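# Inside the fold
If you want the building blocks of each chain, they are given just below.
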Amino acid sequence: MTCPDEDFGKGTAAQALIWEDREDDAMHITVLTVPDCPNAPVAMERITLALGGRAAEVEAVEVSSHEQATQVGMTGSPTVLIDGVDPFGVPGAPASVSCRLYRGPDGRAEGAPSVDDLRRALDLVQATTDCDCPPAGAAGRAGGGRLAPVGGGLRAVQQAVLRHFAATGRAPAAKKLEPAAIRHGRTVTDVLTELAAEDFLTLDADGHIRAAYPFSAVPTAHRVRLPGGVEVWSMCAVDALGIPHMLGTDAVITSTDPVTGEPVTVTFTGGKMTWEPSTTVVYIGQRRSCTGPAADVACGALNFFTGPGSAQTWGEQHPDFSGKAVGQDAAEALGRAVFGSLLAEPPAP
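Residues numbered from 1 in each chain as written. Predicted model: local features only at pLDDT ≥ 70, side-chain atom pairs only at ≥ 80, totals over all residues. Heavy atoms only, no water.

Along the protein, the regular secondary structure elements total 11 helices and 18 strands. Classification of the 349 residues of the protein by burial places 50% in the buried group. Pairs at least 24 residues apart make up 65% of the contacts formed inside the protein by residues separated by at least 6 positions. Summing over all exposed atoms, the protein offers an accessible surface of approximately 15100 Å²; the carbon and sulfur share of this is 52%. (Helix = DSSP H or I, 4+ residues; strand = E, 2+ residues; numbered from the N terminus. Buried < 20%, exposed > 50% of the residue type's maximum accessible area, 1.4 Å probe, protein only. Contact = heavy atoms within 4.5 Å. Areas by Shrake-Rupley, 256 points an atom, 1.4 Å probe, with all protein chains shown as cover.)

This is how it looks when you write it as structure tokens:
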């Protein structure tokens, strides 16, 4: 998980006016577009597919001047706002009435967000709506989740790290990552340092990988057993739920309710998750300060609980965190949204 910069994703006052008058709790989605934008209908169609029947108010708003674009926060046509927030927005991007390009998990540019990226953004908004940090930015990096950029060897090294964790249950030594870094004309140390600075992974004092979301190199409360007997630690409950989606494999997640000490087991088989006990929920939240890497800000809060009661007790015992307990479907959707695309292949050169 990611806690975005404090000002990232907080819609402008004009954006708030677009959706603040709604009368129910349904999401409000606004597509800001210049007149006759050819990509506006594409965006609307993909939003419908991404919603998959979820309740939402969807409207298109035409913007014809730079002044209007500044007022409503349009940084290119089309711009999609979910509850007044642009989940694909880049901090500092200027207002614009020009065409806007979006990059999907495979790095290819299109004139509208992909269905998968829109679905991810919607899942994140639903699951984090009561958190103090801007909810639409929970996946971070302009809606791209935790998938590192292709440039500079970042994605190649990140994916090499993740695959090594999945194959061995351990973090790779630097020499294992050298081929991926050298192909991009960089040293492993430089790439790992940049990945850590951007919070795709964390390093210890000696520069060794301590965590690469969703995996942890040190024991945590959340253990994931993969086919073939490989076992890995995950950084938090949401990370654990994302691992089988990221790897496209069956898995068994074991954890413990931090209040009651009771065990929790989630079995992922054939694309379906079975939870034991059936009353299990997941607390979604982060520290109220919302500053620092996700390992410090959020991972301590994202836990499995055997029921809403123990989740509420934990929240009362930890007033420095904000958040809420969510149901199983929402928790799984969040894990899938954040981590499902991490091993997507970059486009061919």
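Right, picking up where we left off after that structure.
With that settled, consider the packing of helix 6 (residues 174-182) against helix 7 (residues 188-197). The interhelical angle for the contact between helix 6 and helix 7, taken along N-to-C directions, is 90 degrees, at an axis separation of 9 Å. Taken as axis vectors, helix 6 and helix 7 run roughly perpendicular relative to one another. Along its contact with helix 6, which presents Ala174, Leu177, Glu178 and Ala181, the element helix 7 presents Val188, Val191 and Leu192. In terms of residue class, the contact of helix 6 with helix 7 is built from six nonpolar, no polar and one charged. (Axes fitted to C-alpha atoms, helices over the stretch in contact; angles between N-to-C directions. Parallel < 35°, antiparallel > 145°, perpendicular 65-115°, else oblique. Nonpolar A, V, L, I, M, F, W, Y, C, P; charged D, E, K, R; others polar.)

If you walk across this open sheet you meet the eight strands as 8-9-10-12-11-13-14-15, and the pairing is antiparallel. Looking at the sheet topology across the chains shown, the edges are occupied by strand 8 (202-203) and strand 15 (272-276). (Pairing = 2+ DSSP bridges.)

Another aspect to go through is helix 5 (residues 154-168). Taking 1.5 Å of rise per residue, 15 residues should cover 21 Å, and helix 5 covers 21 Å from first to last C-alpha, within 8% of that figure. Within helix 5 the residues assigned to the buried category are Leu154, Arg155, Val157, Gln158, Gln159, Val161, Leu162, His164, Phe165 and Ala166. Looking at the buried positions of helix 5, the neighbouring elements they touch are helix 6, helix 7, strand 9 (209-212), strand 10 (215-216), strand 12 (231-234) and helix 8 (237-247). Phi turns positive, to about 80 degrees, at Gly169, one or two residues after helix 5. (Expected span 1.5 Å × (residues − 1).)

Within the secondary structure, Ala333 is located in helix 11 (residues 328-339). With 95 residues separating them along the chain, Ala333 and Val238 place their C-alpha atoms 9.2 Å apart.

Moving on, we come to the packing of aromatic side chains. All chains considered together, the criterion is met by six aromatic pairs. Taking the centre distance of 5.8 Å and the plane angle of 90 degrees together, the rings of Phe88 and Tyr102 count as edge-to-face. A residue pair is termed long-range when its members are at least 10 positions apart, and Phe88 in the loop between strand 4 (79-82) and strand 5 (96-99) and Tyr102 in strand 6 (residues 102-103) qualify at 14 residues. Given a relative accessible area of 6%, Phe88 falls into the buried group. The exposure class assigned to Tyr102 is buried, which follows from its relative accessible area of 7%. Judged by centre distance (5.4 Å) and plane angle (50 degrees), the rings of Trp314 and Phe321 are tilted. By the burial criterion, Trp314 is buried, and Phe321 matches it. Here a set of aromatic residues connected by ring pairs shows up, and it is made of Tyr283, Phe305, Trp314 and Phe321. If you follow Arg146 out to its NZ or CZ, it ends over the ring of Tyr213, 4.0 Å from the centre. Here the basic side chain of Arg223 rests over the ring of Trp233, its NZ or CZ set 4.1 Å away from the ring centre. (Phe/Tyr/Trp six-rings, centres within 6.5 Å; stacked < 30°, edge-to-face > 60°. Lys NZ or Arg CZ within 6 Å of the ring centre and 35° of its normal.)

Here we take up the nonpolar core. Val157, Leu195, Leu241, Val282 and Phe304 are the most contacted members of the largest nonpolar core, which totals 56 residues. Look past the residues within four positions of Val282 in its chain and what remains in contact with it is Ala237, Val238, Leu241, Trp275, Asn303, Phe304, Lys324, Ala325, Val326 and Ala331. Core analysis: the next-biggest nonpolar cluster, separate from the first, contains 17 residues, Ala43, Leu51, Ala112 and Val125 among them. (Core = buried A, V, L, I, M, F, W, Y, C linked by side-chain atoms within 4.5 Å.)

We now examine the pairing of strand 13 (residues 251-256). With three bridges connecting them, strand 11 (residues 222-225) and strand 13 associate as antiparallel partners. Bridge assignment links Val224 to a residue of strand 13, and that residue is Ile253. Two elements, strand 13 and strand 14 (residues 263-269), share six bridges in a ladder whose sense is antiparallel. Considered in strand 14, the bridge of Ala251 is made with Phe268. Joining the antiparallel neighbours strand 13 and strand 14 is a turn of six residues, in which Gly261 adopts a positive phi near 80 degrees.

Residue alternation in strand 14 divides its side chains into a buried set, Val264, Val266 and Phe268, and an unburied set, Pro263, Thr265, Thr267 and Thr269. Where strand 14 and strand 15 come together, five bridges link them in antiparallel fashion. By the bridge assignment, Thr267 is partnered in strand 15 with Thr274. Counted between consecutive antiparallel strands, the loop separating strand 14 from strand 15 contains two residues, among which Gly270 sits at a positive phi close to 60 degrees.

Of all residues in the protein, 84% have pLDDT values of 70 or greater, and the mean over the chain is 85. For the stretch residues 1-23, pLDDT sits under 50, and the model shows 60 contacts to residues farther than four places along the chain or on other chains. Within the model, the stretch residues 132-144 combines pLDDT values under 50 with 45 contacts to residues more than four positions away or in other chains. (pLDDT = per-residue confidence, 0-100.)

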